[in-house]
Structures are given as structure tokens and as C-alpha cells.
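Chain by chain, the residues:
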Amino acid sequence: MSGNTSGNSLPLETTIKEYRPGLEGVIACRSSISYVDGQEGLLEYRGINIRELAEHSTFEETAYLLLYNHLPSEREFSQFKMLMARLRILPHLIRDAIEEFPVGMHPMLALQSAISLLQADDYYADDISSPQHNLRRAISLMAKLPTLITTFERYRSSEEPLPPSSKYSHAENFLFMLTGEPPHSLAAKVFDRFLILHAEHSMNASTFVARAIASSNASIYSSISGAVGSLSGILHGGANERVLRMLYSIGHPDNVEEFIEEQLATKNRIMGFGHRVYKVKDPRAHILEEYIPDLVDQLGGEEVKTLYQTARRFEEVAAQKMASRNIHPNVDFYSGIVLEALGIPVDLFTAIFSMARVSGWCAHWLEQIDTNRLFRPSQDYIGDHQRAYVPIENR
Ligand SMILES: CC(C)(COP(=O)(O)OP(=O)(O)OC[C@H]1O[C@@H](n2cnc3c(N)ncnc32)[C@H](O)[C@@H]1OP(=O)(O)O)[C@@H](O)C(=O)NCCC(=O)NCCS
């Protein structure tokens, strides 16, 4: 057989036959957005180590870096920030629609739905031929996610949503729209770093979803709302909410050992531990953990203090029992404690993760449409062939 070598298709005889559950190790795209070394515990955005970004950058600047592949000049940055601040406002029809959402709806579902609705305000969203319009859509989505989340949160708490304030940074403005209070400087600083550390993480499940949707040339709204759906799962971003509930249910450092033993004996997954790529402790968990003592001292009460002590003990015991299997804390293990100390409702945690990750998703959406080929993997068919159709009266 000569094989089909036309276009970009693989010759038939080189079609990959191996099935990799969970697509482990399969290269799904070429990307210059972020790099993860799971053995060394290294994460870089556009080549810059996240520790440097967390120490010196801001979420807006990091988002700019992810989208444009360079750090902005002062002029570029001030224009970018002005544009983002202007685009925070929601169209009335979206705000009114969110008011009608059921109050018992999980915030991730509300966010996913609200992002889909945003397309109703972008009549030409299906036309993705203009790079300028595509970038503006990406910036608009990044700017609007905090407003979508806080609008839902305030309506479900029977409070009027607060309009965004352009005098605040992205992180400050979110805290302000959530509470109506001017943000505490330490809270705003740590929250900004939290957003930086969650902004991007290569080919994880939700980013894969975003790119797969982009590959059909669907709109950015479809792509990002699909990614939010993927992030909501407890094996992915949904783990941060679960970690916090788990730590509260343990209650005290003295109860940790028994809890872990029981989980492992019953083969339950321990939330906030393990990672497909990292075989060492997640570098984001290392950095986030460093912020907690100050946060707890200045903002957290006794409850958060105990929570943190329980988490420290948890990591110690888990290291004895799981580190030899390369199962270490991931970013979600400490992120919940940070958000709890900031006073954020637990069921908003994953939505807040989305608020950061939307920058990475948008960068991937742009990269995908720029170099696009429709995602159409193969399958290993294990069903029957040539089955006879049996009429219903004979079954
Ligand atoms: C993230 C995760 C899905 C990655 O898993 P993966 O690469 O698909 O690994 P697998 O599910 O194939 O697990 C490999 C082995 O490690 C074990 N394992 C992995 N994570 C574990 C965890 N958190 N607790 C207990 N055991 C775990 C599995 O049970 C499996 O054991 P086995 O070989 O004896 O069956 C997994 O670590 C997990 O479920 N973690 C908890 C959820 C979480 O924190 N998610 C956030 C990720 S950032």
C-alpha cells in the first residue's frame, strides 16, 4: 500500500495505533505559551519563571505577556490597562439574564452560561478573520469574568451588583465588587499573585478543550465556556473547593493521620494531591504556601489558623505515605486556604481560578486559530460489526 501522503495527513501506514488513556504524553499542539518541567518542578510563561512573575509582575502585565508574547512598554501597558478597565462593564442584557439565574446554581455553571450569553452582545463573533477583533474579544473576556462572577454572587445574596471601578487594578476591583469595601492592601497583593500563578498551565484538560473547540473555528465564547465546564470537574480546578471542605471536615491537625489512612485504605483520591505532569511538589503550591503565614496573621481568624496547621500536618503525613509514589501537593492544596483567608465564599473558588486561567485559555485560542487544523483524533473501536437489525416485536 502506498499510503495517503497528501496535505498534512499522516501516511496510512504511520497512523498512530497506540492507545494512551487520558492522552498521556500525546502531543496535541505546538505552543510557545508556557512550559512545564514536571521532574524539576518548573513552570514558565513565555519563557519567564512564574516565581519572577509572582514577585515582580501584576496579573494585567502577565496577561499581556501571555497574549502578546512580550512584556509591555509603559505606553503599551497603560493603554492595555485602560482598555481592560473599560471593558469590565457588562451589557444590560447579560446583567438582567444573570439576575434570573437560579440562586442554587453552582457559580461555575452560572459562569459557563454567562460566558455563552456574552456572545449575544457580539453579533459578529463567528467571524474570526480579524486578529485585532480577536484580541479585543480576548481582552474583553478577561476583563468581564470578575464582573460576571460578582454579579452572580451579589444577586444570589439578594444584593445589588456593584459597578466596576476603573481606579482599581484587576485584583483590587474584583475584591471591591465582591464586598463593596475598598480592598485591603495585603489581600489585593496576594490575590493578584494568586491570579498570576493560576493564569496558564500548558495542555491541561480545560486548555485542551478550549483548543479543540477553537479548532472547529467556533467563537471564543464557545471555547472559553467549554473550558470553564472542563475546569469545574473535581479532578481539575474543582479540586480547590474540595480541598477546603476536606480540611474543614478533618478539623484539627491531630485528626489528619487517621483521615489519610482511611482514604488510602478505601482507595479514595486525596484532593489537592497528585498531578499528571509534576512528579515533585507543584511550584505554584510552594509559592502560594509562602503567602499564608502573613495572610493568616493579618487577615485570618483562629479558624483559618487551624486550617493552615491542619494543612501543614496533612502535607507531612501525606509525604510519608505517598511521596514514594510521586504523589505530592498540587496548586489546589494551598489555593483554597489563601482564598478562605481572603474571605471568599468556598463555592466561588473554582470560578476565581477561571478568572485567572481565562488569560491562558485566550492565548491558546488565539494560537490555535492562527495555526489551525481541526482536532480530529482517532479511536480504537472495540464494538461489534455486522450485527443484524432485529425488529422491535422480535426482541
Ligand atoms: C490530578 C490527577 C487526576 C492526575 O492523575 P493521573 O495522572 O491521571 O494519575 P492516575 O489517575 O492514573 O493515578 C496514578 C496512581 O496514583 C494514584 N493517585 C493519583 N492521585 C492520587 C490522589 N490524589 N490520592 C490518592 N491516590 C492518587 C491513583 O490512585 C493511581 O494509583 P494506582 O496506580 O494504584 O491505581 C490525580 O492525581 C488526582 O485525582 N488528584 C486529586 C484531584 C486533584 O487534586 N486535582 C487537581 C490537579 S491540579
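Trainee: I'm lost on the site of the ligand in this one. Help?
Mentor: In the vicinity of the ligand lie 17 residues, with Arg269, Ile270, Gly272, Phe273 and Arg276 positioned nearest. One nitrogen or oxygen atom from the side chain of Arg269 is found 2.8 Å from an oxygen atom belonging to the ligand. Here a nitrogen atom of the ligand sits 2.8 Å away from a polar atom, N or O, in the main chain of Phe273. Bound to the protein, the ligand loses 66% of the 860 Å² it would expose on its own. Given that more than half its atoms are within 2 Å of the pocket grid, the ligand belongs to the largest pocket. A breakdown of the residues in the shell around the ligand according to their chemical character gives seven nonpolar, six polar and four charged.

Trainee: Just checking my understanding: could you explain the layout of surface pockets for this structure?
Mentor: With a probe scaled to a water molecule rolled over the atoms, the places where space remains empty come into view. Looking at the largest pocket, its volume works out to about 1800 Å³. Lining the largest pocket we find 50 residues, and of these Leu235, Gly274, His275, Arg276 and Val277 sit closest to its centre. Among the elements of the structure, β1 (34-37), α9 (205-214), α12 (256-265), α15 (331-341) and α16 (349-370) are those that each provide at least two residues to the lining of the largest pocket. Looking at side-chain class alone, the lining of the largest pocket contains 22 nonpolar, 18 polar and ten charged residues. The two domains that each donate at least three residues to the lining of the largest pocket are domain 1 (34-231 + 347-370) and domain 2 (239-341).

Trainee: It is not clear to me how the domain arrangement of the chain should be interpreted in this structure. Could you clarify?
Mentor: Often, the extent of an interface is quoted as the loss of accessible area on bringing the components together. Parsing the chain into structural domains produces domain 1 (34-231 + 347-370) and domain 2 (239-341). Inter-centroid distance (C-alpha atoms) of domain 1 to domain 2 is 26 Å. Facing 28 residues of domain 1, the contacting portion of domain 2 comprises 27 residues. Across the domain 1/domain 2 interface, buried area totals approximately 2300 Å², and carbon plus sulfur atoms make up 70% of it. Here domain 1 and domain 2 share one salt bridge between them. Its salt-bridge partner being Glu290, residue Arg51 comes within 2.8 Å of it at the nearest N-O pair. The tally of links between domain 1 and domain 2 comes to six residue pairs in polar contact (both at pLDDT 80 or more). Mapped onto the side of domain 1 that touches domain 2, the elements with two or more residues apiece are β1, β2 (42-45), α1 (50-56), α8 (185-197) and α16. For the side of domain 1 that touches domain 2, the element with the most residues is α8, which contributes seven residues. Its residues placed into classes, the side of domain 1 that touches domain 2 shows 14 nonpolar, eight polar and six charged.

Rules used in this analysis
Residues numbered from 1 in each chain as written. Predicted model: local features only at pLDDT ≥ 70, side-chain atom pairs only at ≥ 80, totals over all residues. Heavy atoms only, no water. Near = heavy atom within 4 Å. Polar contact = N/O pair within 3.5 Å; in protein donor to acceptor, adjacent residues only side chain to side chain. Areas by Shrake-Rupley, 256 points an atom, 1.4 Å probe, with all protein chains shown as cover. 1 Å grid on protein atoms, 1.4 Å probe; cavity = no way out; pocket = protein on both sides within 12 Å on 5 of 7 lines; lining within 4 Å. Sits in = over half its atoms within 2 Å of the grid points. Nonpolar A, V, L, I, M, F, W, Y, C, P; charged D, E, K, R; others polar. Points joined across faces, edges and corners; volume = space filled by probe spheres on them. Helix = DSSP H or I, 4+ residues; strand = E, 2+ residues; numbered from the N terminus. Domains from an automatic or database assignment. Contact = heavy atoms within 4.5 Å. Buried area = accessible area lost by both parts, 1.4 Å probe. Salt bridge = Lys/Arg side-chain N within 4 Å of Asp/Glu carboxyl O.

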